[in-house]
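Architecture and fold: a report
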Amino acid sequence: MLLDIVAEDRLALGIDLGGSRTRCVLVDLTGSPLASIEQSTPVDLPAVDLARWIAGLARHSAGERWAAVRAVGIGLPGAVSENPRTVSNAPNLPQIEDPAFLRTCVEAVGRPLVVDNDANDALLGEQRFGAAAGHASAAMVTLGAGLGVGLAVDGRVVRGRRGLVGEFGQLPFGPGGERLETRVTGPAIAARGHEAGIDLDDPAALFRPGVSARAAVIRRDFDDALVTALAAVAVACDPDTIVLGGGIAKSLRDDLPMYQERLTATLHVAPTLVHTALGDFAGAAGAAVGALHVAYGELDIPDGEPRRPARGRLPHAPGARRDAVVLLAGHGGHFPTGSDSHVPLRSVRSQAPPTATRPAARAAPAAPERRRQETHCPARR
């Protein structure tokens, strides 16, 4: 059945709550971004106040369009269990483990709330719009304030009953049995630098040419730990590709061939390593996808991937004004995409008899300013 959907009538909002920065993306029903915003995360706020801050940021991001927002997705830096909905393993924002955090988020946002791990959301964003488009089995590794991993098998993100799938940072590493996360994250690099008497508060300094001998030791440990993490990800779900993202990954772009060689030497047959296509906004994009599924559900659109053409890009942090809403061109931008099967839903024209038209979907007028595109969407029987 072909449905006719007015894209601007229903919006979705994706939020990526990070240990240092929080990013939001507002999208219409086609997945076209309408606004993006980035702010510093108030990490010192207690659970309830942080939840209310997120709700305020959501409304600020949408502005006058807030009434049209049908659902909000939030990516969190921790393991998210769905039933009951709880958060654990969030060392960089421990207050979100307080049950009052999620409870207040639901109350303060006042919209259906889709909550997931931030790495899962980043993977979902890259699969739909970015570097993993076209790959049903893929993985996302985020390196920043923490080590996050998202895994997808046969087109589905794997979460587990308690949300612990992908928590590879908890694995023991090295002769001392320390957690893997203590070698590859920003705080871990800074802490090891202080122990060695060198300044690595900016983790990027570790990856610049000509580092000191003491820094080189820390770098070797980092490389060994990262290869171990990548190997663990590869054998866990045998992905076609592993996408690297996060603040630290920006410094590793030129080193991907080296990591690829080491990973292949370890496993003999290894997935392809690629850099994120969505940059800092991958998590927010994936959270928006989760929220879009709620909006699609209101239209009785089955959970699937109908073929729908769209191409373009989302401006992320380098081109966005920080701490301010960035409105895109009136025709709407699009996230990057590498496959038509992973592109956000476009407006479609109904060819069903009038009696079969669902109440939630209405015909768009033939005015030229309406963005329209035909696509086939399987009807739910």
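First things first, this report covers the structure right here in the doc. None of the values given here were measured: they were computed from a predicted structure.

Each value, and the rule that gives it
Residues numbered from 1 in each chain as written. Predicted model: local features only at pLDDT ≥ 70, side-chain atom pairs only at ≥ 80, totals over all residues. Heavy atoms only, no water. Helix = DSSP H or I, 4+ residues; strand = E, 2+ residues; numbered from the N terminus. Buried < 20%, exposed > 50% of the residue type's maximum accessible area, 1.4 Å probe, protein only. Contact = heavy atoms within 4.5 Å. Areas by Shrake-Rupley, 256 points an atom, 1.4 Å probe, with all protein chains shown as cover. Salt bridge = Lys/Arg side-chain N within 4 Å of Asp/Glu carboxyl O. Pairing = 2+ DSSP bridges. Axes fitted to C-alpha atoms, helices over the stretch in contact; angles between N-to-C directions. Parallel < 35°, antiparallel > 145°, perpendicular 65-115°, else oblique. Left-handed = near helix turned anticlockwise from the far one by under 90°. Nonpolar A, V, L, I, M, F, W, Y, C, P; charged D, E, K, R; others polar. Core = buried A, V, L, I, M, F, W, Y, C linked by side-chain atoms within 4.5 Å.

1. Things to note about the overall build of the chain
Within the chain, the regular secondary structure consists of 8 helices and 15 strands. Residues classed as buried in the chain amount to 54% of the 381 residues present. When contacts within the chain are restricted to residue pairs at least 6 apart in sequence, those whose partners lie at least 24 apart make up 70%. Total accessible area computed for the chain in this model is approximately 16300 Å², and 53% of it derives from carbon and sulfur atoms.

2. Here's the deal with the pattern of salt bridges
Following the criterion strictly, the structure yields 14 salt bridges and no others. As a salt-bridge pair, Asp-255 and Arg-219 come within 3.0 Å of each other at their nearest N and O atoms. One end of the pair, Asp-255, is in the loop between β13 (241-245) and α7 (256-267); the other, Arg-219, is in helix α6 (residues 213-237), with 36 residues separating them in the sequence. Judged by its relative accessible area of 14%, Arg-219 falls in the buried class. Linking Asp-224 and Arg-262 is a salt bridge whose minimum nitrogen-to-oxygen distance equals 2.9 Å. Remark: Arg-262 occurs in helix α7 and Asp-224 occurs in helix α6; sequence separation between them is 38 residues.

3. As for the sheet that holds strand β8 (residues 138-143)
Taking strand neighbours across the sheet as the criterion, the 5 strands line up as β10-β9-β8-β13-β14 in an open arrangement whose pairing is mixed. Of all strands in the sheet, those with a lone pairing partner are β10 (156-158) and β14 (272-275), marking the two edges. Put simply, the sheet's adjacent strands are angled 25° from each other on average, direction ignored. As judged from the 6 bridges shared by β8 and strand β9 (residues 147-153), these two strands associate in the antiparallel manner. Each bridged residue has a counterpart across the sheet, and for Leu-143 the counterpart in β9 is Leu-147. In this fold helix α3 (residues 118-129) packs onto β8, β9, β10 and β13, with an angle of close to 50° to the strand it touches most, β9. Strands in contact with α7 are β13 and β14; relative to β14, the strand with the most contacts, it is inclined by about 160°.

4. Focus: the packing of helix α1 (residues 47-62) against helix α2 (residues 99-109)
A pair of packed helices is captured by two measures, namely the crossing angle of their axes and the spacing between those axes. Relative to each other, α1 and α2 sit at 30°, their axes nearing to 8 Å. When the axes of α1 and α2 are compared, the pair comes out roughly parallel. As for how α1 packs across α2, the hand of that crossing is right-handed. For the pair α1 and α2, contact is made by Ala-47, Val-48, Leu-50, Ala-51, Arg-52, Ile-54, Ala-55 and Arg-59 and by Ala-100, Phe-101, Thr-104, Cys-105, Ala-108 and Val-109, respectively. Split by residue class, the contact of α1 with α2 holds 11 nonpolar, 1 polar and 2 charged.

5. Re unusual backbone geometry
Positive phi values are uncommon outside glycine, yet Asp-154 reaches one of about 55°. With respect to the helices and strands, Asp-154 occurs in the loop between β9 and β10. Overall, Asp-154 belongs to the exposed group, its relative accessible area being 65%. With a phi angle near 75°, His-268 is a residue other than glycine that sits in the positive phi range. Assessed through its relative accessible area of 65%, His-268 is described here as exposed.

6. Considering the nonpolar core
Of all hydrophobic cores here, the largest spans 37 residues; its most connected members are Leu-143, Phe-222 and Leu-230. Elements supplying a minimum of two residues to this core: β8, β9, α6, β13 and α7. With 12 residues, the single largest contributor to this core is α6. Not counting chain neighbours up to four residues away, the residues in contact with Leu-143 comprise Val-184, Phe-222, Leu-226, Gly-245, Gly-246, Gly-247, Ile-248, Ala-249 and Leu-252.

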